[in-house]
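Per-entry structural report
Here is how the chains run, residue by residue.
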Amino acid sequence: VVLFIHGGCWRAKFGLAYADELMAAFTRSGFATWSIEYRRVGDDGGGWPNTFIDVAKGADHLAVIAPAHNLDLERVLAVGHSAGGHFALWLSARANLPAEAPIAAHSPVRFKAVLALAPAPDLMHLHEKKVCGHIIDKLMGGSPDEYPQRYKWADPVHLSPGGTSQVLVIGTYDEAWAPVGMRYFETAKARGDNVRVIEAVESGHFEMVDPDSSTWPLILDVANALLVE
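Below: a short report on this structure. (Residues numbered from 1 in each chain as written. Predicted model: local features only at pLDDT ≥ 70, side-chain atom pairs only at ≥ 80, totals over all residues. Heavy atoms only, no water.)

1. Digging into the side chain of D155
Tracing the backbone through its elements, the reader meets D155 in the loop between α7 (148-154) and β5 (165-171). Only 2.5 Å separates the side chain of D155 from the backbone nitrogen of L123, close enough to count as a polar contact. Here D155 is in contact with P121, D122, L123 and M124, once residues within four sequence places are set aside. (Helix = DSSP H or I, 4+ residues; strand = E, 2+ residues; numbered from the N terminus. Polar contact = N/O pair within 3.5 Å; in protein donor to acceptor, adjacent residues only side chain to side chain. Contact = heavy atoms within 4.5 Å.)

Here it is as structure tokens:
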């Protein structure tokens, strides 16, 4: 199963439709695909904590539909692009959240691996960079100084998925978002996570989610490898 979380800077105007062709390509390649939507900044109820709760519920609903669709929940790959890469990494580690966190997991779907495409983790750094019109403060309801615990609960920089394999695919020409992905990689590597980076040498930010691009074979090969290792 490929569980996909779309990007779009956490903003309401960017939904999951841009990844439709990617999902169709995964399906043609033999994967069951589950692309989830969530309330975003600008949507009614979007932002902390509902955006995270929506992503978590969307992921965990796989357990509900698995019997009817013969889904193998032992081989679920979390795939996320950009802001969705942040969520994919967060989902893989949320079992470690304390019970008092409003976004804590109760019976989370477990992932065999994570494939983060041009991911945007490290929310504190993104807050400092004021990305997307200072979207992080709007997502989190305030700054890290105002809500330090929220940032610790919501940011995979502060949460380890243990031994779960993580692969970050970062485009050579993705000047805006490659640095934050590499910041996460260095943090995760230093704490002993099972994490590696693959450079997509013919990709910017969006080519890696375009099945008509020269980067698609790389993405497909990595996805297949992660589910059989």
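2. A look at the state of the cysteines
Within the structure shown, the criterion is met by 1 disulfide. Residue C9 pairs covalently with C132 via a disulfide, S to S 1.6 Å. Measuring handedness by torsion sign, the sulfur bridge of C9 and C132 sits at about 55° and is right-handed. Here C132 lies in helix α6 (residues 131-140) and C9 lies in the loop between β1 (2-5) and α1 (20-28), a separation of 123 residues in the sequence. Owing to a relative accessible area of 8%, C9 belongs among the buried residues under this scheme. (Disulfide = S-S within 2.5 Å. Buried < 20%, exposed > 50% of the residue type's maximum accessible area, 1.4 Å probe, protein only.)

3. Observations regarding unusual backbone geometry
Each neighbour pair has its own omega, and for W48 with P49 the value is -10°, a cis peptide bond. Within the secondary structure layout, P49 lies in the loop between β2 (33-36) and α2 (50-60). For C9, which is not glycine, the phi torsion reads 60° and is therefore positive.

4. Structural notes on the nonpolar core
Core analysis: the biggest nonpolar cluster contains 54 residues, and L3, W10, F52, W90, L126, I136 and M140 have the highest contact counts within it. For this core, the element with the highest residue contribution is helix α4 (residues 83-93), accounting for 7 residues. Here W10 is in contact with R40, V41, A83, H86, F87, A120, L123, L126, I135, I136 and L139, once residues within four sequence places are set aside. Of all hydrophobic cores here, the second largest spans 26 residues; its members include V79, A113, V209 and L220. (Core = buried A, V, L, I, M, F, W, Y, C linked by side-chain atoms within 4.5 Å.)

5. A word on the packing of aromatic side chains
This structure, assessed with the given rule, holds 7 aromatic pairs. Centroid distance Y18 to F206: 6.4 Å. Interplanar angle 85°. Geometry classified as edge-to-face. Of this pair, Y18 sits in the loop between β1 and α1 while F206 sits in the loop between β6 (195-200) and α9 (216-226); the two residues are 188 residues apart in sequence, bridging distant segments of the chain. Given the relative accessible area of 32%, Y18 is considered partly exposed. For the pair F52 and W90, a centre-to-centre distance of 5.3 Å together with 75° between the ring planes defines the contact as edge-to-face. Here F52, found in helix α2, pairs with W90, found in helix α4; they are 38 residues apart in sequence, far enough to count as distant. The same class applies to F52 and to W90, which are both buried. The ring of Y38 carries the charged tip of R40 above its face, separated from the ring centre by 6.0 Å. (Phe/Tyr/Trp six-rings, centres within 6.5 Å; stacked < 30°, edge-to-face > 60°. Lys NZ or Arg CZ within 6 Å of the ring centre and 35° of its normal.)

6. Points about the sheet that holds β2
Reading across from one edge, β2-β1-β3-β4-β5-β6 is the order of the 6 strands in this open sheet, with parallel pairing throughout. The outermost strands of the open sheet, each flanked by one partner alone, are β2 and β6. On average, each strand axis in the sheet is inclined to that of its neighbour by 20°, with strand direction left out of account. Examined bridge by bridge, strand β3 (residues 77-81) and strand β4 (residues 113-117) share 5 bridges and lie parallel to one another. Note that in β4 the partner of G80 across the bridge is A116. In the packing of α4 onto the sheet, contacts are made with β1, β3, β4 and β5, and the angle to β3 comes to roughly 150°. Of the strands in this sheet, β3, β4, β5 and β6 are in contact with α9, which crosses β4 at around 165°. (Pairing = 2+ DSSP bridges. Axes fitted to C-alpha atoms, helices over the stretch in contact; angles between N-to-C directions.)

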